[in-house]
Amino acid sequence: MWKKLGLFVIKFRLPLLFLLAIVTAIMAFFASKVSLSYEFAKAIPVDNPKYQDYKAFRDKFGDDGNVLVIGIESAQLFTLTVFKDYQQLQRSLKTVSYVEDVLSVPAAINLQKDSVTEKLQAVKIFSDTLLSQKQLDCNRNVFFNLPFYRSLLYNRENNAYLMAVRINKEALNSPKRSKIVSDIKAVVADFEARTKIQSHLSGLPLIRTVVADRLQKEMKIFLIGSVLLSALILLLFFRSFSTMLLSLAVVVLGVVWTLGVLYLCGYKISLLTALTPPLVVVIGIPNCIYFINKYHTSFLASGEKNKALVDMVSKMGIVTLFCNISAAIGFAVFSLTKSTILQEFGVVAGISIMLIFVISFILLPAVLSYLPSPKPREMKYLNSRLITGFLLKTEQWAIHHKKTVYLATFIVVLVSIAGIFRLKTVAYIVDDLPRNDKIYTDLKFFERNFKGVMPLEIVVDTKKRNGLTGMRALVAFEKIDSLSKYIADQKEMSRPLSLAEGLKFVKQAFYEGDSSNYLLPNSFDGAFVGEYLRPSKTDTSKKNNFSRLLTSFMDTARQSTRLSVNMADIGTQNLPLVIKGIQDTASKLFDSSQYEIHFTGTSITFLEGSSFIIGGLKESILWAFLLISACMLYLFKSARILVCSLIPNLIPLLITAGIMGWAGVPLKPSTVLVFSVALGIAIDITIRFLINYKQELPVYNNDVEATVRATIRNTGLSIVYTSLVLIAGFVIFCFSSFGGTFALGWLTSVTLLIATITNLVLLPVLLLNLRRNK
């Protein structure tokens, strides 16, 4: 069949090339319409209870991940000139497009009694037109007398101060977000230039935007880098510009088709799907090497170009098809998970890998038939002394040192298993950033001074409409206050912001600003405090920060209220323990028959998402293993050969996991991804070796040893060259500034290197012993 296909491609080469050009033009049109995804990646499915809780929270109270914080540390803030600059910073930030509000020291308000209306009036503490240092000192004393702002806007011990910038959430999920963050950074830079005070920026809007922009830039660089590196390797191998350009044409078409598939599937370029174009380059180049290598060896044997082309297609067509199927399985299994981001990556990568086979199967023989016959210098690589010497050594080890190979494999596997027991599963929100990166160091500034900026939301539901009104609400707020005190005592969490804190602020105002009365109202003073909290119809205080703060902490049915906690990025290993401690305390305070407590927010969804992705990736590895095994069984129709084929590919995965354990690299979404990807790619080597072995066996009258020797010499050359291309293609990711991309690069490269060795040494040993035992 494959010989007929080869003749078909040669005979109808012009129509096929024309068809290929038309399809590529159509896919290029679709590729031009692909857009970037600016929404936060959905790591957990929409039917997950944690996601449902988070969605319900946002419907009631709004988004929790749209606040960018700016921090400074200075003992000079309350000098007149510096404070005026700080006021100007606050005013300038409010003029930035899509900035909805700025909570800061200059905008802080105090509550004062109005003897005429018998209502509380919100009055700015700091005048917009400060005239003297004495006036500023007086305002400062008022501000520091208000415990409400303590740890929220300042840390007096360290002279640290915070501004919270709330950004429109729709704008954050659009291309506008990069400009918004850039404009905010420009305003802050101007403040730094005027005052010489270093500023620190953090918060999810900044982290998501900067990280996404950097990754997108890196992916473009890595795509270009992988193409250039592949071109260099091809030129060194084949010593032919035409062959190099033809191979590059294959992968360029593959990239165009990949982007077209992305659009046709209705997906956008996300942080994970952005990896598919470089991966297509890395996988497409080996296709070219195997096809062209077979073309050259056949031409060298026969001296006839057309015969060599037909031989290339008939011998390597089935090999490359199953290699691409196995690689596609390695990626496509991600679509079996329930994680949207993994599903999109799996679908696009799986389809693209199969399309690169179609492109190479048509383009290579068709174009090579038009090119002149290969020149001797282009086939010089077939007699490379270095590679030939390596393959001869490999052959000697496989034939004459079987026990040594088994012993070495056994020892390495034992050491690897010991390393696996040292593996830890932990991930952080800023896990992939270098420790000296400004985003990371700025985050640590807020963790030192304000215990962090990662949002955790606790929703208290009274189970009845208007359950938070009247005197009965005081009981609920007393419980909330007790829970808040427990949370504030935790070293990883700041003092929660809640309606309980607002009520304390109100009571302090009733007692003429006496800070000793910053307490919850009791049954005696609760009635008039509650009355004064209700703004009159003519009251405009709803426009101030404090009123907006209070109204955003209770739902319209007055049934639920929230506690907003900022916490440190403590990782997925410690976060469940901290949450459990809060849950245990809450269960003691709140009767489950009267209250429901929900934990949500970005910290919770991140924890659930990380666990979900890691679980999904582990499951995908099992699926990849089973599906690839089924392909191998169908291809070779022998359980013995199946066992022989899987062992050399499982051992590299074990060794990589062991290296991770000994090196202290944790299991997280970016590192678990390596195993399924590497299994799908590494099995290519096995398939190529075994199919060549199967094809050569009748030639050598079923002499296993002679066939193994011939297979190592004939296929070993292309395996080594292909492995070098694959390793080089993934090594380029090691230049990434992100830990996840860096890990994908070096761990996959290590796995492929070990897989090359096990397939060239251990696999022949297993084949020899298999036939001998039989």
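Residues numbered from 1 in each chain as written. Predicted model: local features only at pLDDT ≥ 70, side-chain atom pairs only at ≥ 80, totals over all residues. Heavy atoms only, no water.

## Observations regarding the overall build of the chain
Secondary structure assignment for the chain yields 25 helices and 10 strands. Relative to its full complement of 774 residues, the chain shows a buried share of 57%. Taking as baseline every contact in the chain between residues at least 6 positions apart, the subset at least 24 positions apart corresponds to 79%. Within the structure as shown, the chain displays about 33,100 Å² of accessible surface, and the carbon and sulfur contribution to it stands at 61%. Each charge sign in the chain was given a centre, from 83 positive and 54 negative side chains, and these centres are 10 Å apart. (Helix = DSSP H or I, 4+ residues; strand = E, 2+ residues; numbered from the N terminus. Buried < 20%, exposed > 50% of the residue type's maximum accessible area, 1.4 Å probe, protein only. Contact = heavy atoms within 4.5 Å. Areas by Shrake-Rupley, 256 points an atom, 1.4 Å probe, with all protein chains shown as cover. Lys, Arg positive; Asp, Glu negative; His and termini not counted. Charge placed at Lys NZ, Arg CZ, Asp CG, Glu CD.)

## Overview of the side chain of K294
Note that K294 resides in helix 10 (residues 276–302). Despite its burial, K294 pairs with no opposite charge, the nearest such side chain being D311 at 4.6 Å. Apart from residues no more than four positions distant in its own chain, K294 is found in contact with D311, M312, K315 and M316. (Salt bridge = Lys/Arg side-chain N within 4 Å of Asp/Glu carboxyl O.)

## Thoughts on the packing of aromatic side chains
Counting across every chain of the model gives 25 aromatic pairs. Relative to F30, the ring of F29 has its centre 5.7 Å away and its plane inclined at 55°; by these criteria the two rings are tilted. Here the aromatic cluster, defined as three or more aromatic residues joined through ring pairs, consists of F78, F83, F126, F143, F144, F148, Y149, Y154, Y161 and F505. R562 extends its terminal NZ or CZ atom over the ring of F553, reaching a point 4.7 Å from the ring centre. (Phe/Tyr/Trp six-rings, centres within 6.5 Å; stacked < 30°, edge-to-face > 60°. Lys NZ or Arg CZ within 6 Å of the ring centre and 35° of its normal.)

## Brief notes about helix 20 (residues 571–589)
With 19 residues, helix 20 ought to run about 27 Å at 1.5 Å a step, and its terminal C-alpha atoms sit 27 Å apart, in line with that. Among all positions of helix 20, only G571, T572, L575, V578, I579, G581, I582, T585 and A586 are buried. Where helix 20 is buried, its residues contact strand 8 (454–461), helix 16 (472–488), strand 9 (560–567), strand 10 (596–600) and helix 21 (602–636). (Expected span 1.5 Å × (residues − 1).)

## A look at the environment of S104
Position of S104 relative to the elements: it lies in the loop between strand 2 (99–103) and strand 3 (109–114). A relative accessible area of 0% means that S104 is categorised as buried. Sequence spacing of S104 and I233 is 129 residues, and the spatial spacing of their C-alpha atoms is 57 Å. Not counting the four nearest positions on each side in its chain, S104 is found in contact with Q90, L153, L162 and M163.

## Details of the packing of helix 7 (residues 176–195) against helix 8 (residues 204–238)
Two numbers describe how helix 7 lies on helix 8: the axes approach to 10 Å, and their chain directions differ by 115°. The angle between helix 7 and helix 8 falls in the class roughly perpendicular. The interaxial crossing formed by helix 7 with helix 8 has left-handed handedness. Between helix 7, through R177, S178, V181 and K185, and helix 8, the contact on the second element is made entirely by P205, L206, R208, T209, V210, A212 and D213. Across the contact of helix 7 with helix 8, the residue classes break down as 5 nonpolar, 2 polar and 4 charged. (Axes fitted to C-alpha atoms, helices over the stretch in contact; angles between N-to-C directions. Parallel < 35°, antiparallel > 145°, perpendicular 65-115°, else oblique. Left-handed = near helix turned anticlockwise from the far one by under 90°. Nonpolar A, V, L, I, M, F, W, Y, C, P; charged D, E, K, R; others polar.)

## A short note on the nonpolar core
Among the nonpolar cores identified, the biggest contains 144 residues, and F331 and F345 are the most heavily contacted of them. Ranked by the residues each element gives to this core, the list is headed by helix 23 (residues 669–696), at 16 residues. F78, I167, L468 and L483 belong to the second-largest nonpolar core, a separate cluster that totals 103 residues. (Core = buried A, V, L, I, M, F, W, Y, C linked by side-chain atoms within 4.5 Å.)

## Describing the environment of S226
Position of S226 among the secondary structure elements: in helix 8. When its relative accessible area of 1% is taken as the criterion, S226 is described as buried. For the pair S226 and F410, spaced 184 residues apart in sequence, the C-alpha separation works out to 36 Å. Residues within four places of S226 in sequence aside, it is in contact with P278, V281 and I732.

## Brief notes about the side chain of T756
Turning to its location among the elements, T756 is positioned in helix 25 (residues 739–773). Engagement of the side chain of T756 in a polar contact is seen with the backbone oxygen of L752, the distance being 2.8 Å. When residues no more than four places from it in sequence are discounted, the contact partners of T756 are I685, I719 and S723. (Polar contact = N/O pair within 3.5 Å; in protein donor to acceptor, adjacent residues only side chain to side chain.)

## Remarks on a nonpolar patch on the surface
A cluster of nonpolar side chains, L407, F410, I411, L414, V415, I417, F421 and W662, forms an exposed patch at the surface whose accessible area comes to about 850 Å². Here the element with the most residues in the nonpolar patch is helix 14 (residues 402–420); it accounts for 6 residues. Along the polypeptide, I417 turns up in helix 14. (Patch = residues over 30% accessible without salt bridge, like charges linked within 9 Å, V, L, I, M, F, W, Y side chains within 5 Å.)

## Regarding the sheet that holds strand 10
Remark on secondary structure: sheet strands pair via backbone hydrogen bonds, oriented parallel or antiparallel. The sheet built from 3 strands is open, its strands ordered 9-8-10 with antiparallel pairing. Where the open sheet ends on each side, the last strands, each with one partner, are strand 9 and strand 10. This sheet shows a mean twist of 20° between the axes of neighbouring strands, independent of strand direction. Bridge count for strand 8 against strand 9 is 8 bridges, and the pairing is antiparallel. The residue bridging L456 from the neighbouring strand is V565, located in strand 9. (Pairing = 2+ DSSP bridges.)

## Thoughts on the environment of V348
Its place among the elements puts V348 in helix 12 (residues 340–370). On the accessibility criterion, V348 (0% relative accessible area) is buried. If sequence neighbours within four positions are ignored, V348 has contacts with T258, V261, L262, Y267 and T276.

## Looking at helix 8
Residues three or four positions apart in an α-helix share a direction because the helix packs 3.6 residues into each turn. Compared with an ideal rise of 1.5 Å per residue, which puts 35 residues at 51 Å, helix 8 spans 49 Å between its outermost C-alpha atoms and is within 8% of the ideal. Positive phi appears at R239, one or two residues downstream of helix 8, with a value of about 50°.

## Quick look at the pattern of salt bridges
Counted by the stated rule, this structure contains 19 salt bridges. A salt bridge links K580 to D584, with the nearest nitrogen and oxygen atoms 3.1 Å apart. Residue K580 and its partner D584 are both found in helix 20; the two are separated by 4 residues, about one turn of the helix. Residue K580 is classed as partly exposed on the basis of its relative accessible area, which comes to 47%. Looking at D584, the relative accessible area reads 34%, which means it is partly exposed. One continuous salt-bridge network, built from bridges that share partners, spans D481, K485, R495, E501 and K504.

## Details of the packing of helix 21 against helix 22 (residues 639–663)
One way to put it is that helix 21 packs onto helix 22 with a least axis distance of 9 Å and a crossing angle of 140°. What the angle tells us is that helix 21 and helix 22 run oblique. When the axes of helix 21 and helix 22 are compared, the crossing they make is right-handed. Residues F625, S629, M632, L633 and F636 of helix 21 form the contact with helix 22, whose participating residues are A639, I641, L642, S645, L646 and L650. A breakdown of the residues in the contact of helix 21 with helix 22 according to their chemical character gives 9 nonpolar, 2 polar and no charged.

## Some thoughts on the pairing of strand 6 (residues 160–167)
By the criterion of burial, strand 6 is predominantly enclosed, with 7 of the 8 residues buried. Judged from the 7 bridges that link them, strand 1 (residues 67–73) and strand 6 form a sheet pairing that is antiparallel. Directly across from V69, in strand 6, lies its bridge partner A164. Two strands pair when backbone bridges link them, and strand 2 and strand 6 are joined in this way by 4 bridges, in the antiparallel orientation. Opposite V99, over in strand 6, you have I167 as the bridge partner.

## Regarding unusual backbone geometry
At Y98, a residue that is not glycine, the phi angle is positive and equals roughly 75°. Of note, Y98 is situated in the loop between helix 4 (80–95) and strand 2. At K451, a residue that is not glycine, the phi angle is positive and equals roughly 65°. Among the residues examined, K451 registers a relative accessible area of 25% and is labelled partly exposed.

## Focus on the confidence of the model for the chain
The predicted structure's coordinates, where accompanied by low pLDDT, should not be read in detail. Of the residues in the chain, 94% have a pLDDT of 70 or more, and the chain-wide mean is 84. Long-range and interchain partners of residues 537–542, a stretch whose pLDDT sits below 50, account for 5 contacts in this model, where long-range means more than four residues apart. (pLDDT = per-residue confidence, 0-100.)

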